[in-house]
Amino acid sequence: MMDTENLPPSTRILLVDDDNYLRSVLCSQLRNKGVVAFAEAAKASEAFNQIDSFKPDLILLATELPDGNGFDICQSLRARGFQKPIIMLTGQMDEENIVKGLNKGASDYIAKPMRFSELFSLICAQLRQYK
């Protein structure tokens with residue numbers, strides 16, 4: 001069953017979102033699922049530093065950030081050779097934004113506010129596909 005699935009403790013997740021509350025909730029929920037390695041970034045500029053030093057297995061990336069947008073970050077990560085999953089956290093679920101994200105290299109997307117069980121299933125699926 002998906003509900004009982006846990007991620008390996010070695011899974012490294014980077015969460016890029018300027019919403020401090022959302023980041024803290026997601027981190028604690030992921031911790032409950034066995035993830036111990038987290039990095040967080042509230043801005044695009046922090047995200048790149050974290051990616052280089054933290055080497056995440058998966059990135060949760062907001063589409064809107066104070067100093068840039070997730071679409072551009074995603075595109076530049078792919079251009080730099082980052083091949084691991086990137087799940088976009090979007091406030092808009094309209095088709096245009098979904099297509100734009102996928103075209104820029106996103107692996108998948110989920111609308112905020114999201115249900116954690118749905119997000120966790122996406123994370124597991126993306127990590128399985130990548131491995």
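Worth saying up front: this structure is predicted, and the values here are computed from it rather than measured.

Caption draft 1: Expanded view of the overall build of the protein chain. A count of helical and extended segments in the protein chain gives five helices and seven strands. In the protein chain, the succession of α and β elements from N to C terminus is β-α-β-α-β-β-β-α-β-α-β-α. Against the 2.2 N^0.38 benchmark of 14 Å for 131 residues, the protein chain shows a C-alpha radius of gyration of 13 Å, consistent with a compact globule. Overall size of the protein chain, expressed as C-alpha extent along the three principal axes, is 35 × 35 × 30 Å. In the protein chain, once contacts between residues fewer than 6 apart in sequence are set aside, the share between residues at least 24 apart is 65%. Of the roughly 6,700 Å² that the protein chain leaves accessible, carbon and sulfur atoms contribute 49%. Considering the protein chain, the positive charge centre built from 15 side chains and the negative charge centre built from 17 side chains are found 7 Å apart.

Caption draft 2: View of the pattern of salt bridges. For the coordinates displayed, the defined rule picks out six salt bridges. The salt bridge involving Lys-112 is made with Asp-17; its shortest N-O contact spans 2.8 Å. With Lys-112 in the loop between strand S7 (108–111) and helix H5 (116–130) and Asp-17 in the loop between strand S1 (12–16) and helix H1 (20–32), this pair connects stretches of sequence that are 95 residues apart. Taking relative accessible area as the criterion, Asp-17 reaches 0% and is therefore assigned buried.

Caption draft 3: The arrangement of the packing of H1 against H5 in detail. Look at H1 against H5: their axes get within 11 Å of each other, and the N-to-C directions meet at 65°. Here H1 runs over H5; the crossing is right-handed. On the side of H1, the interface is formed by Leu-26, Gln-29 and Leu-30, while H5 contributes Phe-116, Leu-119, Phe-120 and Ile-123. Classifying every residue of the contact of H1 with H5 gives six nonpolar, one polar and no charged.

Caption draft 4: How the structure looks around helix H3 (residues 70–79). Along H3, the residues classified as buried are Gly-70, Phe-71, Ile-73, Cys-74 and Leu-77. For H3, the angular spread of the buried residues around the axis is 165°, confining them to a single face. Where H3 is buried, its residues contact helix H2 (44–54), strand S3 (58–62), strand S4 (64–65), strand S5 (68–69), strand S6 (86–90) and helix H4 (95–103). For H3, the N-terminal capping position is held by Asn-69, with its side-chain oxygen 2.8 Å away from the main-chain nitrogen of Phe-71. Looking one or two residues past H3, Gly-81 carries a phi angle of roughly 95°, positive in sign.

Caption draft 5: Looking closely at unusual backbone geometry. Cis geometry marks the peptide bond from Lys-112 to Pro-113; its omega dihedral reads -5°. Relative to the elements of secondary structure, Pro-113 occurs in the loop between S7 and H5. Phi is positive for Lys-55, close to 55°, though the residue is something other than glycine. With respect to the element layout, Lys-55 can be found in the loop between H2 and S3.

Basis of the calculations
Residues numbered from 1 in each chain as written. Predicted model: local features only at pLDDT ≥ 70, side-chain atom pairs only at ≥ 80, totals over all residues. Heavy atoms only, no water. Helix = DSSP H or I, 4+ residues; strand = E, 2+ residues; numbered from the N terminus. Rg over C-alpha atoms; globule rule 2.2 N^0.38 Å. Contact = heavy atoms within 4.5 Å. Areas by Shrake-Rupley, 256 points an atom, 1.4 Å probe, with all protein chains shown as cover. Lys, Arg positive; Asp, Glu negative; His and termini not counted. Charge placed at Lys NZ, Arg CZ, Asp CG, Glu CD. Salt bridge = Lys/Arg side-chain N within 4 Å of Asp/Glu carboxyl O. Buried < 20%, exposed > 50% of the residue type's maximum accessible area, 1.4 Å probe, protein only. Axes fitted to C-alpha atoms, helices over the stretch in contact; angles between N-to-C directions. Left-handed = near helix turned anticlockwise from the far one by under 90°. Nonpolar A, V, L, I, M, F, W, Y, C, P; charged D, E, K, R; others polar. Arc of directions from axis to C-beta. Polar contact = N/O pair within 3.5 Å; in protein donor to acceptor, adjacent residues only side chain to side chain.

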